[in-house]
Amino acid sequence: MTARVAILISGSGSNMVALVDSMAGDHPARPVVVVANRPDAAGLDKAAARGVPTEVVDHRPFRGDRAAFEAALQARLDDYAPDILCLAGFMRVLTGDFVSRWRGRMLNIHPSLLPKYRGLDTHARALAEGEAEAGCTVHEVTPELDQGPILGQARVPVRPGDTPERLAARVQAQEHVLYPMVLRRVAAGDRRPVHLP
Ligand code: GAR
């Protein structure tokens, strides 16, 4: 059976593009919708250009009422009956209720080698700590922020003179390899962690 995948974004959507483009041929999943919490998310046009339906559930009118925002998000998702939810640069913290509903079926990509550097500004923090390597992690989403079971990690070297931006670009290139690889495995029922390189 082909798994139906919904992808949640907030911004440029480069990981979403990598995921959508990977779901072709004998891939066990297909993208059914891309949802953004911002109407100006640049990824929306990229999804539409690929023939994937797009939706916007703007968080701002809910004025911090996370439960109401998530009810609207869930209702929109229900229209597409997804099996798997991929967070791809989706910059809203989700409540335990929403996460529990998707337990085992929601993935996230985070720009650090978890458990190091949960939260924001991961690359600046890794550089400030003098790390020799950085990377990214795909994990199951659980109610504890950035702490769910790890499904894959990719490592990149930190280079002399790196800035957060240069490091982010090097990590992102690996995100675009890692996330599709993990999604393919998860859609096929394989949750053994992937390690790159
Ligand atoms: C990605 O680098 C992803 O790792 C990060 O946001 C970026 C989104 O880029 N996610 C987080 O920081 C989650 N806490 P994209 O929109 O081009 O995929």
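Higher on the page you've got the structure.
From a predicted model like this one, the values you see are computed outputs, not experimental measurements. (Residues numbered from 1 in each chain as written. Predicted model: local features only at pLDDT ≥ 70, side-chain atom pairs only at ≥ 80, totals over all residues. Heavy atoms only, no water.)

Participant: Can you lay out the pairing of strand S5 (residues 106-110) for me, pointing to particular residues and giving the numbers?
Facilitator: The buried count for S5 comes to 5 of 5 residues, which makes it a mostly enclosed element. What you see with S5 is no split at all: Met106, Asn108 and His110 on one side and Leu107 and Ile109 on the other are buried throughout. Pairing between strand S4 (residues 84-87) and S5: 3 bridges, direction parallel. Each bridged residue has a counterpart across the sheet, and for Leu87 the counterpart in S5 is Asn108. Traced from S4 through helix H4 (residues 96-101) to S5, the parallel crossover comes out right-handed. Relative to strand S6 (residues 133-140), S5 runs antiparallel, the two being bridged by 4 bridges. What sits directly across from His110, in S6, is Thr137. (Buried < 20%, exposed > 50% of the residue type's maximum accessible area, 1.4 Å probe, protein only. Helix = DSSP H or I, 4+ residues; strand = E, 2+ residues; numbered from the N terminus. Pairing = 2+ DSSP bridges. Right-handed = clockwise from strand over helix to strand, strands pointing away.)

Participant: Please provide a residue-by-residue account of the pairing of S6, values included.
Facilitator: Counting buried positions over the 8 residues of S6 gives 7, a clear majority of the element. With 7 bridges connecting them, S6 and strand S7 (residues 150-157) associate as antiparallel partners. Looking at S7, one finds that Val138 is bridged to Gly152.

Participant: Provide a residue-level description of the sheet that holds S4, including the pertinent values.
Facilitator: Spatial ordering of the open sheet is given by S3-S2-S1-S4-S5-S6-S7-S8, a layout of 8 strands whose pairing is mixed. Here the strands that pair on one side only, and so sit at the sheet edges, are strand S3 (54-56) and strand S8 (194-196). Each strand axis lies, on average, 20° off the axis of its neighbour in the sheet, ignoring direction. Taken strand by strand, helix H6 (residues 164-187) contacts strand S1 (3-9), strand S2 (29-36), S4, S5, S6, S7 and S8, and its axis lies near 155° from that of S7. (Axes fitted to C-alpha atoms, helices over the stretch in contact; angles between N-to-C directions. Contact = heavy atoms within 4.5 Å.)

Participant: Run through the site of the ligand, naming residues and quoting values.
Facilitator: The environment of the ligand is made up of Ser12, Gly13, Ser14, Asn15, Gly89, Met91, Ile109, His110, Pro111, Gln172 and Glu175. Contact between the ligand and Gly13: an oxygen atom at 2.8 Å from a main-chain N or O atom of the residue. The contact in question runs from an oxygen atom of the ligand to an N or O atom on the side chain of Ser14, over 2.6 Å. Calculation on the ligand without its partners gives an accessible area of 450 Å², and the protein chains cover 84% of this total. If you list the elements that add at least two residues to the shell around the ligand, you get helix H1 (14-22), S5 and H6. Across the shell around the ligand, the residue classes break down as 3 nonpolar, 7 polar and 1 charged. (Near = heavy atom within 4 Å. Polar contact = N/O pair within 3.5 Å; in protein donor to acceptor, adjacent residues only side chain to side chain. Areas by Shrake-Rupley, 256 points an atom, 1.4 Å probe, with all protein chains shown as cover. Nonpolar A, V, L, I, M, F, W, Y, C, P; charged D, E, K, R; others polar.)

On their own, these measurements won't tell you what the molecule is for.
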